[in-house]
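Each chain, letter by letter, is given below.
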Amino acid sequence: MLGLIKDKVLSGQRLVEKDAIRLFQSDDIFTIGRLASYVAEKKNNKNAYFIINRHVNPTNICINRCKFCAFSRSKGEEGAYELTIEEIIEKLKDGHGSQVTGHGFSEVHIVGGLHPDWHFEYYLDMLSSIKKEFPHIAIKAFTAVEVDYMSKISGLSLEETLIALKKNGLDLMPGGGAEIFSEGVRNKLCPEKISGDRWLEVMEIAHRVGIKTNATMLYGHLEGIEDRVKHLLKLRDLQDKTGGFQAFIPLAYHPKNTEIGGFYSSGIDDLKTIAISRLVLDNFDHIKAYWIMLGEKISQVALLFGADDVDGTIIEEKITHSAGAMSEEGMTREELIYLIKKAGKVPVQRDAFYNPIDRGLM
Ligand code: V47
Ligand code: SF4
């Protein structure tokens, strides 16, 4: 049944919408995985990337309150928190070069809620203070949703907002907030959030002003196969235009403590989604199997299904763990290397832009 698709992949032809739908409908996970692995190795050989990084979530107070999000709180609600810039810097000092990583961080990943009282200057101050203290750490910060919010609170255009963020130390942007672009499902999941088109617009402008970004897709909730495929194709179209995406990360929905509830994604769906993403997104260099969401073991197997990156040491993770993630919150460098080697891949420690820092890890 997958013969024609196999021929297309092996001859380097681009898959179309109905090919992607057929792949999602198929139970032949081994063929799909083998094809994805073929494409991944053509792009990245047997390399599997990881990074020494740390996540920081400056606040969980958020005006959007998406129905799949167990992390956010309203102002004044029990469990709501907000970090000062000093507290953020302390967190970075804490793990920097510590026993947890054995090395200094290459990247800090910062995302948080849309705080009703914070001013744009606070975000700029956050960036410049971190940059001043840690000039060698790349700052990957703020989803397209947060950037849109900053543009609204500052009265600046998206372009002006992004340029100001860049000037103050923003190096690249994570891929969160994309969720699923389909309007019907998005309205059920997160009615207050910016539309899929707006998310794409923010990313297009970020790429234009020289900020590389990632892209994500939240799957395993209310969406159907067609919603997933359309989402991937919109990302592929924008990547054709800008070339500004570095990696695609499928995010497995976690149901605990959320308003919409439901189930954890299955391991089979996780692997299939990674593999099909690799096959459809022929213009993305990297597919990330984010171990925090997939779990250590599925993310390891995903390296044989088209993924070439498992993300990093993380240290502290709140968003997925609020929603019932069963993984640890951090892994050491040695654990990441072990996980990758045991998948038969070559561990490559990378910086935020996929430049190799250490290849001699075998
Ligand atoms: O934007 C929220 C998602 C995202 C849940 O770019 C949930 O390198 C699952 O985007 N179940 C944040 N997912 C995480 C993210 C990310 C993570 C790692 C690396 C990168 C990168 C990006 O988490 C949110 C939202 O899409 N999310 N709630 C949930 N219950
Ligand atoms: Fe807020 Fe992001 Fe959670 Fe939505 S997913 S409620 S925007 S923190």
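Residues numbered from 1 in each chain as written. Chains lettered and ligands numbered in written order. Predicted model: local features only at pLDDT ≥ 70, side-chain atom pairs only at ≥ 80, totals over all residues.

To keep it simple, the criterion reads: UniProt positions are given in the numbering used here, feature names are shortened, and annotations may be inferred rather than shown by experiment.
As annotated in an unreviewed UniProt entry, the protein chain carries the name Aminodeoxyfutalosine synthase and comes from Dissulfurispira thermophila. According to the UniProt record, the Pathway (unreviewed entry) comment for the protein chain reads "Quinol/quinone metabolism; menaquinone biosynthesis." According to the UniProt record, the Sequence similarities (unreviewed entry) comment for the protein chain reads "Belongs to the radical SAM superfamily. MqnE family."

A word on the overall build of the protein chain
To keep things clear, this is the line we draw: A run of H or I in DSSP counts as a helix once it spans at least four residues, and a run of E counts as a strand once it spans at least two, with each numbered from the N terminus. This radius of gyration counts C-alpha atoms alone. The globule rule is 2.2 Å times how many residues there are, raised to the power 0.38. As a rule, residues whose C-beta atom has 12 or fewer other C-beta atoms within 10 Å are exposed, those with 20 or more are buried, and those in between are partly exposed; C-beta atoms are placed from the backbone.
The helix and strand tally for the protein chain stands at 15 helices and 11 strands. The globule rule puts the C-alpha radius of gyration for 362 residues at 21 Å, and the 19 Å found for the protein chain is close to it. If one aligns the C-alpha atoms of the protein chain with their principal axes, the spans along those axes are about 55 × 50 × 40 Å. In the protein chain, buried positions account for 50% of the 362 residues.

Quick notes on the packing of helix 7 (residues 158-167) against helix 9 (residues 196-208)
The line we're drawing: Here an angle of 0 to 180 degrees is reported between the N-to-C directions of two axes, which are lines fitted to C-alpha atoms, with helices fitted over the stretch in contact. An angle counts as roughly parallel when it lies under 35 degrees, as roughly antiparallel when it exceeds 145, as roughly perpendicular when it falls between 65 and 115, and as oblique in every other case. With the far helix as reference, a near helix turned anticlockwise by less than a right angle produces a left-handed crossing, and one turned clockwise produces a right-handed crossing. Once C-beta atoms have been placed from the backbone, residue pairs whose C-beta atoms lie within 7 Å are recorded as contacts. Three categories are distinguished: nonpolar for Ala, Val, Leu, Ile, Met, Phe, Trp, Tyr, Cys and Pro, charged for Asp, Glu, Lys and Arg, and polar for the others, with Gly belonging to the last.
At their nearest, the axes of helix 7 and helix 9 sit 10 Å apart, and the two run at 55° to each other. In this view, helix 7 runs oblique relative to helix 9, as classed from their interaxial angle. Judged by the twist between their axes, the crossing of helix 7 over helix 9 is right-handed. Where helix 7 approaches helix 9, its residues L158, E159 and L162 are matched on the opposing element by V202, I205 and A206. Each residue belonging to the contact of helix 7 with helix 9 can be placed in one class, and the counts come to 5 nonpolar, no polar and 1 charged.

With respect to the site of ligand 2
So the rule is basically this: Whether a residue is near a molecule or strand depends on its C-beta atom, placed from the backbone, lying within 6 Å of it.
The environment of ligand 2 is formed by C62, N64, R65, C66, C69, F71, S72, G113, L114, V145, C190 and K193. A per-class count over the shell around ligand 2 returns 7 nonpolar, 3 polar and 2 charged.

Examining the pairing of strand 1 (residues 47-51)
Cut-off, in case you're wondering: Strands pair, by our definition, only if DSSP identifies at least two bridges between them.
Of all 5 residues in strand 1, 5 are buried, a share of seventy percent or more. Side chains of strand 1 alternate between two faces, with N47, Y49 and I51 and A48 and F50 buried alike. Note that strand 1 and strand 10 (residues 346-350) share 4 bridges and pair parallel. In the strand pairing of strand 10, Y49 is matched with V348. Taken together, the 2 bridges between strand 1 and strand 9 (residues 309-312) define a ladder with parallel strand orientation.

Regarding the sheet that holds strand 1
Sheet architecture is open: 4 strands sit in the order 9-1-10-11, paired in mixed fashion. Edge positions in the sheet fall to strand 9 and strand 11 (356-358), since each has one partner strand and no second. Within the sheet, the average angular offset between the axes of one strand and its neighbour, ignoring direction, is 40°. Pairing analysis gives 2 bridges linking strand 10 to strand 11, with the strands arranged antiparallel. What sits directly across from Q349, in strand 11, is D358.

Re the nonpolar core
Within soluble globular proteins, side chains that are nonpolar tend to cluster in buried spots. Cut-off, in case you're wondering: Only buried Ala, Val, Leu, Ile, Met, Phe, Trp, Tyr and Cys residues enter a nonpolar core, and they are joined through C-beta atoms within 7 Å.
Counting 105 residues, the largest nonpolar core has I139, F248, L279, A289 and A302 as the members making the most contacts within it. Residues in contact with F248, not counting those within four places in the same chain, are A215, L235, S277, L281, F284 and I287.

A closer look at the packing of helix 3 (residues 29-44) against helix 11 (residues 267-280)
For the pair helix 3 and helix 11, interaxial distance at closest approach is 8 Å and the crossing angle is 40°. Classed by the angle they form, the pair helix 3 and helix 11 counts as oblique. The two elements helix 3 and helix 11 cross, and the hand of that crossing is left-handed. Listed contacts from helix 11 to I29, I32, G33, L35, A36, V39 and A40 of helix 3 are I268, L271, K272, A275, I276, R278 and L279. Classifying every residue of the contact of helix 3 with helix 11 by side-chain character gives 11 nonpolar, 1 polar and 2 charged.

A word on the site of ligand 1
Residues in contact with ligand 1 amount to 23 residues; listed here are only the nearest, P174, G176, N214, H254 and A323. Only strand 6 (212-219), strand 7 (245-252) and helix 14 (319-322) provide two or more residues apiece to the shell around ligand 1. For the shell around ligand 1, the element with the highest residue contribution is strand 6, accounting for 3 residues.

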